[in-house]
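A look at the structure
Chain residues, written in single-letter form:
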Amino acid sequence: MKIAVAGGTGRVGAHVVETAREHGHEVVVLTRGNGVDLVSGVGLAPALDGVDTVIDVASVTTLRTEDAVAFFSAVTRNLRDAEASAAVGHHVALSIVGIDGATEGYYVGKQAQERLVEASAVPWTILRATQFHEFAPQMFANAKLGPLHLAPKMRTQPIAAREVADRLVELAEFGPSGRVTDLAGPKEESLSDMVKAYARATGYRGWIPAIPLPGETGRRQRDGSALPGPGAQLGHETFAEWLAGQA
Ligand SMILES: NC(=O)c1ccc[n+]([C@@H]2O[C@H](COP(=O)([O-])OP(=O)(O)OC[C@H]3O[C@@H](n4cnc5c(N)ncnc54)[C@H](OP(=O)(O)O)[C@@H]3O)[C@@H](O)[C@H]2O)c1
């Protein structure tokens, strides 16, 4: 099968590309570094020539509602239109557990993405996953106040990005399935503890205060809204195992 991976150099995208190649698929990577701008659409049409399935794991780093909605709407519309023109048979999108009910921030962009995928004429699959174990290094790098690293308080049940990638490739091989069972990690964790453990593992010895993020996003992070429901499919690798496996 020929698979295009939108965001194929990202945290989960690089694993999707690797897994798909291991399974013998021909893979096209849709990122700006590979000549495709998913927001403007430049380079997209020729890149989809002969593609059977698109796996969309593109993302933007923002907490601003307008920016998230603008990014995910533009990317999803451009992919939808280019896929229809190229007779792509399947669009697989990765979303996030617990986005329902959010009225601000990044999750509103994910809601817009899901609505566009569901209304598309291109047959689709949507997988919602929880935060990746890789969310800890992401927070350590991005949650900063001047030189001070912050550890946001959040209840999460994180999963290895590698296991999410394996599931996405499996779904691509299976064919259009609509909204499938949510995917989560094996065990609930505290995000602030994850960030601190990651920092210590890298040799960082500074003080990292655990802080509640303000507003609705912060409240939902703390109240368990991001946790999977009882029917979720669970991955295997715990955060501690993942951390031990990092160089
Ligand atoms: N991180 C998590 O914990 C988590 C949990 C559950 C679900 N998700 C979802 O998983 C998906 C991937 O997240 P991630 O954290 O793996 O993303 P990421 O590491 O931030 O990677 C984003 C990817 O998107 C590409 N990209 C960004 N802007 C682009 C543009 N204008 N044109 C083409 N490519 C562009 C980037 O490549 P270039 O910059 O080189 O163009 C990169 O390959 C997202 O949909 C996210 O909502 C994430």
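Residues numbered from 1 in each chain as written. Predicted model: local features only at pLDDT ≥ 70, side-chain atom pairs only at ≥ 80, totals over all residues. Heavy atoms only, no water.

1. Considerations on the site of the ligand
Lining the immediate environment of the ligand, one finds 28 residues, of which Thr-9, Arg-11, Arg-32, Tyr-106 and Lys-110 sit closest. With respect to the ligand, the side chain of Thr-9 contributes an N or O atom lying 2.7 Å from an oxygen atom. Val-12 has a polar backbone atom sitting 3.0 Å from an oxygen atom of the ligand. A total of 900 Å² of accessible area belongs to the ligand in isolation, and the protein chains cover 88% of it. Counting only elements with at least two residues in the shell around the ligand, the list comes to strand E4 (90-96), helix H4 (106-119) and helix H5 (135-142). Broken down by element, the shell around the ligand gets its largest block of residues, three residues, from E4. (Near = heavy atom within 4 Å. Polar contact = N/O pair within 3.5 Å; in protein donor to acceptor, adjacent residues only side chain to side chain. Areas by Shrake-Rupley, 256 points an atom, 1.4 Å probe, with all protein chains shown as cover. Helix = DSSP H or I, 4+ residues; strand = E, 2+ residues; numbered from the N terminus.)

2. Examining the nonpolar core
Leu-30, Leu-38, Leu-44, Leu-48, Leu-79 and Tyr-107 are the most contacted members of the largest nonpolar core, which has 39 residues in total. For this core, the secondary structure elements donating two or more residues are strand E1 (2-6), strand E2 (26-30), helix H2 (44-47), helix H3 (65-85), H4, H5, helix H7 (191-201) and helix H9 (239-244). In this structure Leu-48 touches Ala-4, Leu-30, Val-54, Ala-82, Glu-83, Ala-86 and Val-88, once residues within four positions along its chain are discounted. If you look at the next biggest cluster of nonpolar residues, it comprises 25 residues, including Val-17, Val-29, Ala-172 and Val-180. (Core = buried A, V, L, I, M, F, W, Y, C linked by side-chain atoms within 4.5 Å. Buried < 20%, exposed > 50% of the residue type's maximum accessible area, 1.4 Å probe, protein only. Contact = heavy atoms within 4.5 Å.)

3. Considering the UniProt feature "domain: NAD(P)-binding" (unreviewed entry) in the protein chain
Under the UniProt annotation, "domain: NAD(P)-binding" (unreviewed entry) lies at residues 7-171. Taken end to end, residues 7-171 is 41% helix and 18% strand, and its two terminal C-alpha atoms sit 17 Å from one another. (UniProt positions renumbered as here; feature names shortened; annotations may be inferred.)

4. Things to note about the packing of H5 against H7
In the contact formed by H5 and H7, the axes pass within 8 Å of each other and the chain directions differ by 80°. Taken together, the axes of H5 and H7 lie roughly perpendicular to each other. Contacts between H5 and H7 pair Phe-135, Ala-136, Pro-137, Met-139 and Phe-140 from the former with Leu-191, Met-194, Val-195, Tyr-198 and Ala-199 from the latter. (Axes fitted to C-alpha atoms, helices over the stretch in contact; angles between N-to-C directions. Parallel < 35°, antiparallel > 145°, perpendicular 65-115°, else oblique.)

5. Focus on the pattern of salt bridges
Inspection of the entire model under this criterion finds 14 salt bridges. Of the charged contacts in the structure, one is a salt bridge between Arg-155 and Glu-188, with a shortest N-O distance of 2.7 Å. Within this pair, whereas Arg-155 is found in strand E9 (residues 155-156), its partner Glu-188 is found in the loop between strand E11 (183-184) and strand E12 (189-190), the two being separated by 33 residues in sequence. Judged by its relative accessible area of 36%, Arg-155 falls in the partly exposed class. When the shortest N-O distance is used, the salt bridge between Lys-187 and Glu-189 registers 3.5 Å. (Salt bridge = Lys/Arg side-chain N within 4 Å of Asp/Glu carboxyl O.)

6. Section: the pairing of E1
Within E1, five of the five residues are buried, which leaves the element mostly enclosed by the surrounding structure. Both faces of E1 are covered, namely the face carrying Lys-2, Ala-4 and Ala-6 and the face carrying Ile-3 and Val-5. Bridge analysis of E1 against E2 gives five bridges, and the strand direction is parallel. From the neighbouring strand, Lys-2 faces E2, where its bridge partner is Glu-26. (Pairing = 2+ DSSP bridges.)

7. What about the side chain of Thr-19?
Relative to the assigned elements, Thr-19 resides in helix H1 (residues 13-22). We classify Thr-19 as buried; its relative accessible area is 1%. Polar side-chain contacts of Thr-19 include one of 3.1 Å to the side chain of Arg-162. Residues contacting Thr-19, with those up to four places away along its chain left out, are Arg-162, Ala-165, Asp-166 and Val-169.

8. What to know about the environment of Leu-63
Inspection of the secondary structure assignment puts Leu-63 in the loop between strand E3 (53-56) and H3. By relative accessible area, Leu-63 is classed as exposed at 62%. For Leu-63 and Ala-226, which are 163 residues apart along the polypeptide, the C-alpha to C-alpha distance reads 16 Å.

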